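In case you want the letters, here they are:
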Amino acid sequence: MDTTDDVLVVGAGPVGLTAACGLAGLGVPVRVVEALDQPTTESRAVGVHARSLEMFAALGVLPRLEARGRRIAALEVVDGRTGRSRTRLDLAGVSTRHPYILDVAQPDTEAVLAERAAELGVVVQRGVTLTALTQDADGVEVTLRSGDRDEPARAGWVVGADGGHSSPRRLLGPPLDGGLHGQHLAQADGDVDTPFAPDAIRMFAHPDGMGMLFPLAGPRARVMFLVGAPDTDAPTLEQIQALADTRMGGRVAVRRPRWLTYFEVHHAQVPRYRHGRVLLAGDAAHIHSPAGAQGMNTGVQDAANLAWKLALVARRRAAPDLLDTYHDERHPVGAAVVRATTTLTDIGTATGPPAAIRDAAQFVLGHIPRAGNAAAGRMAELTVQYRDSPLSVRHGRHHAGAARAGEHAPDPAGLRRRDGTPVAIEELLAGPGFLLLTRSADAGTVDDLRRTLGDLGAVVRVVRDAAPGAGDCVLDPDDVVGRAYGPGPAGLALIRPDGYLGLLADTADPQLLRRYLAGALHVPELSTA
Ligand SMILES: Cc1cc2nc3c(=O)[nH]c(=O)nc-3n(C[C@H](O)[C@H](O)[C@H](O)COP(=O)(O)OP(=O)(O)OC[C@H]3O[C@@H](n4cnc5c(N)ncnc54)[C@H](O)[C@@H]3O)c2cc1C
């Protein structure tokens, strides 16, 4: 008898689709309902940061996403009156396999994720809106409305990924802590004629208020301007052009608009991400200014953090307590994003003495590579870590310069497959489940680790050179894993499906793995036979 619970994902935005892919990839039956009859054509979130790119690579969708977008190499602040560069922050020095931002319109991101979800067997039901929800000890009762018909349905678990006006959030009752920030943005998405090279996202500083230019694929770009409270829903192309003429010094001409809109900035977060069998993710859990392009990025990483935990629980492999770590790990990240984007918006729109301080800080970031790389790494969400989480466990001493449990798994260059072709950790992570790297040379130990991990993931041996009979392994001639992870010459590193380091140990003792699975992950019984 199949004892796996099914999961209802509400909302086929980037967050709901990422959650659906993660769950389906781990063998959980998923149903996605989406209120809109057709996918949105509104470009919305356009900047995909490095941490999300790493995650999309592990999900197997990065090449498709890259084909629809444009790599951005730098962030630049331009004097809006003269068009002169004030400061430029290059992203090349950021420590990741993807030291760039991928500018891609949100409908393209959603299309790629929907395609991957379909490959994994997920059906997205469009024109279906969740309108009611109650839960008991074993599942969640919902009402799904399509047209004028109400369908009662039941699911084991519900992921509320239905955006800023989330129905599960409203029905469960948690208030959003925060409020309106009182700032409005005018946005347009169209083809653009400009002498500015499409290699950078540019912020135009101007006394009337800032403007932003995000290059997309081909001649397409997004422009955005801080404006006063509007009295219509959308600006006209003429109004957008007038703003561009003033604030971008006549150097940007917008034509063939695809989307014109005003956007009001809110800053808020729910106090809890888990409500029994209902989990909130993405804009349903936190909303904030588009400054720094953090919204969708934070949301898809919520989904990545949640999906593997919910998969373990839905498959009855882990106790539901594991889901509390979703709130514990992601709520502080959301809170920090709300704080940082509020500050960024205030700084970006400051006048007078605060503006002078901002300009000096921008100069430092653009001219001191270490400071610039640190700021770019934070914006790319590469500094997100869960070191204080109960899921982050270190046995043995920390090695200077190496990653700690709870940090994202390093992905150093230098690893090779047995046939000599280069291989990345993110490729190894594309296999479903956990990835356990071990440097143990003992075949019996490796077999025991494999039996202990069972179908929860893969064990990969990392060896300096491939001795005959080494079996399935990855070659690490320069010991990059040893230095980046510091697991000792016979240690292990257990990487979670979302790419973060769970267990680090100086010895590859299978007993440590068993204790970690049972104690930290709440996986009480494994098929170790
Ligand atoms: C006008 C606008 C402009 C934006 N501009 C930017 C930007 O420039 N940069 C940036 O980083 N971010 C921007 N954002 C925010 C960004 O789009 C979000 O952070 C991101 O979309 C969050 O993804 P999500 O999947 O959580 O929610 P959404 O993308 O909102 O997806 C939620 C989905 O759920 C569906 N849904 C809603 N209610 C129900 C229901 N009851 N039943 C079933 N389905 C339901 C909706 O139709 C929607 O498709 C913008 C947002 C808006 C609205």
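Caption draft 1: Here's a closer look at the sheet that holds strand 4 (residues 70–72). One open sheet accounts for three strands, arranged 3-7-4; its pairing is antiparallel. The open sheet has two edge strands with one neighbour each: strand 3 (47–48) and strand 4. Taken together, the three bridges between strand 4 and strand 7 (residues 101–103) define a ladder with antiparallel strand orientation. Across the sheet, residue I72 finds its bridge partner in strand 7, namely I101.

Caption draft 2: Structural context of the site of the ligand. Close to the ligand lie 30 residues; E34, Q106, S167, R222 and D283 are nearest. At a separation of 2.6 Å, an oxygen atom of the ligand approaches a polar side-chain atom of E34. In the model, a nitrogen atom of the ligand is placed 3.0 Å from a nitrogen or oxygen of the A35 main chain. For the ligand, whose unbound accessible area comes to 990 Å², protein coverage reaches 86%. For the shell around the ligand, a count of residues per class yields 16 nonpolar, nine polar and five charged. Two domains each provide a minimum of three residues to the shell around the ligand, namely domain 1 (7–67 + 105–178 + 267–379) and domain 2 (179–266).

Caption draft 3: Quick peek at the nonpolar core. If you look at the biggest cluster of nonpolar residues, it comprises 75 residues, and the most contacted ones within it are V7, L23, F56, L310 and L521. Top element by residues in this core is helix 7 (residues 295–314). It accounts for twelve residues. A domain-level breakdown of this core finds at least three residues from each of domain 1 (7–67 + 105–178 + 267–379) and domain 3 (393–519).

Caption draft 4: Main features of helix 6 (residues 237–247). Looking only at helix 6, the buried set comprises I240, Q241, L243, A244 and R247. Buried residues along helix 6 cover an arc of 160° about the axis, so they all sit on one side. Just downstream of helix 6, G249 is the residue with a positive phi angle, here 60°.

Caption draft 5: Representation of the domain arrangement of the chain within the structure. Taken domain by domain, the chain consists of domain 1 (7–67 + 105–178 + 267–379), domain 2 (179–266) and domain 3 (393–519). One C-alpha centre belongs to domain 1, the other to domain 2, and the line joining them spans 25 Å. Between domain 1 and domain 2, the contact holds 20 residues from the first and 17 residues from the second. Interface of domain 1 and domain 2: buried area, both sides summed, is about 1500 Å²; carbon and sulfur atoms make up 61% of it. Summed over the three residues of domain 1 that lose the most area to domain 2, namely V46, H267 and P290, the buried surface amounts to 31% of that side. For the interface between domain 1 and domain 2, the tally reads zero salt bridges. For the interface between domain 1 and domain 2, the tally reads five residue pairs in polar contact (both at pLDDT 80 or more). The set of elements that each furnish at least two residues to the side of domain 1 that touches domain 2 consists of strand 17 (253–269) and helix 8 (324–348). Of the residues that constitute the side of domain 1 that touches domain 2, the class distribution is six nonpolar, ten polar and four charged.

Caption draft 6: Seen up close, empty space enclosed by the protein. Going through the model one piece at a time under the given rule, you end up with one cavity of 30 Å³ or more. Size it by volume and the largest cavity reaches roughly 80 Å³. Around the largest cavity, the lining residues are H49, A50, L75, L91, V94, H98, P99, Y100, I101, A376, M379 and A380. The class makeup of the residues in the lining of the largest cavity is ten nonpolar, two polar and no charged.

Caption draft 7: Spotlight on the packing of helix 2 (residues 50–58) against helix 7. Across the interface, helix 2 lies against helix 7 with an axial gap of 9 Å and an inter-helix angle of 40°. One element, helix 2, and the other, helix 7, form an angle in the oblique class. Here the hand of the crossing between helix 2 and helix 7 comes out left-handed. For the pair helix 2 and helix 7, contact is made by R51, S52, M55 and F56 and by N297, V300, Q301 and A304, respectively. Taken together, the residues of the contact of helix 2 with helix 7 break down into four nonpolar, three polar and one charged.

Caption draft 8: How the structure looks around the sheet that holds strand 11 (residues 149–155). Across the sheet, three strands lie side by side as 9-10-11; this open sheet has antiparallel pairing. Strands at the two margins of the open sheet, each flanked by one partner only, are strand 9 (129–135) and strand 11. Along the sheet, successive strands turn relative to each other by an average axial angle of 20°, direction set aside. Bridge count between strand 9 and strand 10 (residues 140–146): six bridges; the pairing is antiparallel. Pairing of T129 across the sheet is with R145, part of strand 10.

Caption draft 9: Representation of the pairing of strand 1 (residues 7–10). With burial as the criterion, each face of strand 1 is covered, one bearing V7 and V9 and the other bearing L8 and V10. Sheet topology note: the strand 1/strand 12 (residues 157–160) ladder contains four bridges and is parallel. Bridge pairing in strand 12 links V10 to G160. Two strands pair when backbone bridges link them, and strand 1 and strand 2 (residues 30–34) are joined in this way by four bridges, in the parallel orientation. Looking across to strand 2, one finds that V10 is bridged to V33. Read as a crossover between parallel neighbours, the route from strand 1 over helix 1 (residues 14–25) to strand 2 is right-handed.

Caption draft 10: Molecular detail of helix 2. Within helix 2, nine of the nine residues are buried, which leaves it mostly tucked inside the rest of the structure. For helix 2, every residue scored as buried is listed here: A50, R51, S52, L53, E54, M55, F56, A57 and A58. Backbone geometry just downstream of helix 2 places G60 in the positive-phi region, at approximately 85°.

Caption draft 11: Examining unusual backbone geometry more closely. Phi is positive for R316, which is not a glycine, with a value near 60°. In this structure, R316 sits in the loop between helix 7 and helix 8. A positive phi angle is found at H522, which is not glycine, with a value near 60°. Its place among the elements puts H522 in the segment after helix 14 (510–519).

Caption draft 12: Structural detail: the pattern of salt bridges. Tallying each qualifying case throughout the model produces 39 salt bridges. With a shortest N-O distance of 3.2 Å, R315 and D455 are connected by a salt bridge. Here D455 lies in the loop between helix 12 (443–453) and strand 23 (457–463) and R315 lies in the loop between helix 7 and helix 8, a separation of 140 residues in the sequence. Here R315 falls in the buried class, since its relative accessible area comes to 18%. With its nearest N and O atoms 3.4 Å apart, the salt bridge here joins E427 to R417. In this pair, E427 is assigned in helix 11 (residues 425–428) and R417 in the loop between strand 21 (393–395) and helix 11, connecting sequence segments ten residues apart. Where salt bridges share partners, they join E76, R88, D90, D199 and R202 into one cluster.

Here is what the cut-offs are and how they apply
- Residues numbered from 1 in each chain as written.
- Predicted model: local features only at pLDDT ≥ 70, side-chain atom pairs only at ≥ 80, totals over all residues.
- Heavy atoms only, no water.
- Pairing = 2+ DSSP bridges.
- Helix = DSSP H or I, 4+ residues; strand = E, 2+ residues; numbered from the N terminus.
- Near = heavy atom within 4 Å.
- Polar contact = N/O pair within 3.5 Å; in protein donor to acceptor, adjacent residues only side chain to side chain.
- Areas by Shrake-Rupley, 256 points an atom, 1.4 Å probe, with all protein chains shown as cover.
- Nonpolar A, V, L, I, M, F, W, Y, C, P; charged D, E, K, R; others polar.
- Domains from an automatic or database assignment.
- Core = buried A, V, L, I, M, F, W, Y, C linked by side-chain atoms within 4.5 Å.
- Buried < 20%, exposed > 50% of the residue type's maximum accessible area, 1.4 Å probe, protein only.
- Arc of directions from axis to C-beta.
- Contact = heavy atoms within 4.5 Å.
- Buried area = accessible area lost by both parts, 1.4 Å probe.
- Salt bridge = Lys/Arg side-chain N within 4 Å of Asp/Glu carboxyl O.
- 1 Å grid on protein atoms, 1.4 Å probe; cavity = no way out; pocket = protein on both sides within 12 Å on 5 of 7 lines; lining within 4 Å.
- Points joined across faces, edges and corners; volume = space filled by probe spheres on them.
- Axes fitted to C-alpha atoms, helices over the stretch in contact; angles between N-to-C directions.
- Parallel < 35°, antiparallel > 145°, perpendicular 65-115°, else oblique.
- Left-handed = near helix turned anticlockwise from the far one by under 90°.
- Right-handed = clockwise from strand over helix to strand, strands pointing away.

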